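# Architecture and fold: a report
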Amino acid sequence: NRGSNTISVIDGANHQVIKTIGIGSIPTGIAASPDGQRLYVANNADNTVSVINTVDNTKVTDIPVGQFPYSVAISPDSRWVYVGNESDASISVIDTQTNTVFATIPNIMAAISIVVSPDGKWVYAATEAGTDAQVYVINALNNTVDSGIPLPYPQNQQMVITPDGKTLYMTSNLDGVVTVVNLVTKAGSTINAIFNPGDFNSGPYGIAINST
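This part is about the confidence of the model for the protein chain. Across the protein chain, pLDDT averages 86, with 86% of residues at or above 70. Mean pLDDT values for the elements of the protein chain range from 50 in strand β18 (residues 192-193) up to 97 in strand β5 (residues 48-53). This stretch, residues 188-192, has a pLDDT under 50; its non-local contacts, to residues over four places away or in other chains, come to 15 contacts.

If you want it as structure tokens, here you go:
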């Protein structure tokens, strides 16, 4: 809840709010660890990530990261949290065992969305900037940029990766398209819009894919 700086916990059985957790200022990105033990919330206005214990729904700590954190993604083994910092063009890599920033990946312009490959070896960060519209391919073993895949549209927002780790789907809010990125070849020529501009009247933003 951006306006009240809280997280609402909803009981899936009866669809009722069972608790409200106070966190940092202007919470934006949120992700749950695959092991189900923690939530990580990017607080855009105070440059922190709040860690929430899902067992008792309490805040564990606030971790300082870069400026204006926005997007959050977690490795499949729940060990690493990747946070895109909009203002200082970086990604903070959090070690979940120590709740501290282990590494900072520089020169990632406006990482609006981040996903981790199913095998945990690659991190993909999409930019929304028109002059730098691309997907950064990051080697998770050494936290360095391996390559970049140019994107045909600016204002990219959310992306998901297929369970086999071969394809990204990405929404482009300004142009009303969904783009397909082939991660096997990692080449710009393999990027195609599957919907023509204008197919989405209000501009696509969120996107999800089924597990099968």
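Moving on, there is more to tell.
Next up on the list: the sheet that holds β5. Spatially, 4 strands are ordered β3-β4-β5-β6 in an open sheet, and the strand pairing comes out antiparallel. Of all strands in the sheet, those bounded by a partner on one side alone are β3 (27-32) and β6 (58-64). If you compare each strand with its neighbour and ignore which way they point, the axes differ by 20 degrees on average. Bridge count for strand β4 (residues 38-43) against β5 is 6 bridges, and the pairing is antiparallel. Residue pairing for β5: Leu39 is matched across the bridge by Ile52.

Spatial ordering of the open sheet is given by β7-β8-β9-β10, a layout of 4 strands whose pairing is antiparallel. Each edge of the open sheet is held by one strand with a lone partner, namely β7 (69-74) and β10 (100-106). The mean angle between the axes of side-by-side strands here comes to 25 degrees, regardless of whether they run parallel or antiparallel. Sheet topology places strand β8 (residues 80-85) next to strand β9 (residues 90-95); 6 bridges connect them, and they run antiparallel. Pairing of Trp80 across the sheet is with Asp95, part of β9.

Once that is clear, we can look at the packing of aromatic side chains. The tally for this structure, following the rule as stated, stands at 1 aromatic pair. An angle of 50 degrees between the planes, with centres 5.0 Å apart, marks the rings of Trp80 and Phe102 as tilted. You can see Trp80 sitting in strand β8 and its partner Phe102 sitting in strand β10, a full 22 residues away along the chain. Classification of Phe102 by relative accessible area gives exposed; the value is 53%. Sitting above the plane of the Trp80 ring, Arg79 keeps its charged end 4.5 Å from the centroid.

Here is what the cut-offs are and how they apply
- Residues numbered from 1 in each chain as written.
- Predicted model: local features only at pLDDT ≥ 70, side-chain atom pairs only at ≥ 80, totals over all residues.
- Heavy atoms only, no water.
- pLDDT = per-residue confidence, 0-100.
- Helix = DSSP H or I, 4+ residues; strand = E, 2+ residues; numbered from the N terminus.
- Contact = heavy atoms within 4.5 Å.
- Pairing = 2+ DSSP bridges.
- Axes fitted to C-alpha atoms, helices over the stretch in contact; angles between N-to-C directions.
- Phe/Tyr/Trp six-rings, centres within 6.5 Å; stacked < 30°, edge-to-face > 60°.
- Buried < 20%, exposed > 50% of the residue type's maximum accessible area, 1.4 Å probe, protein only.
- Lys NZ or Arg CZ within 6 Å of the ring centre and 35° of its normal.

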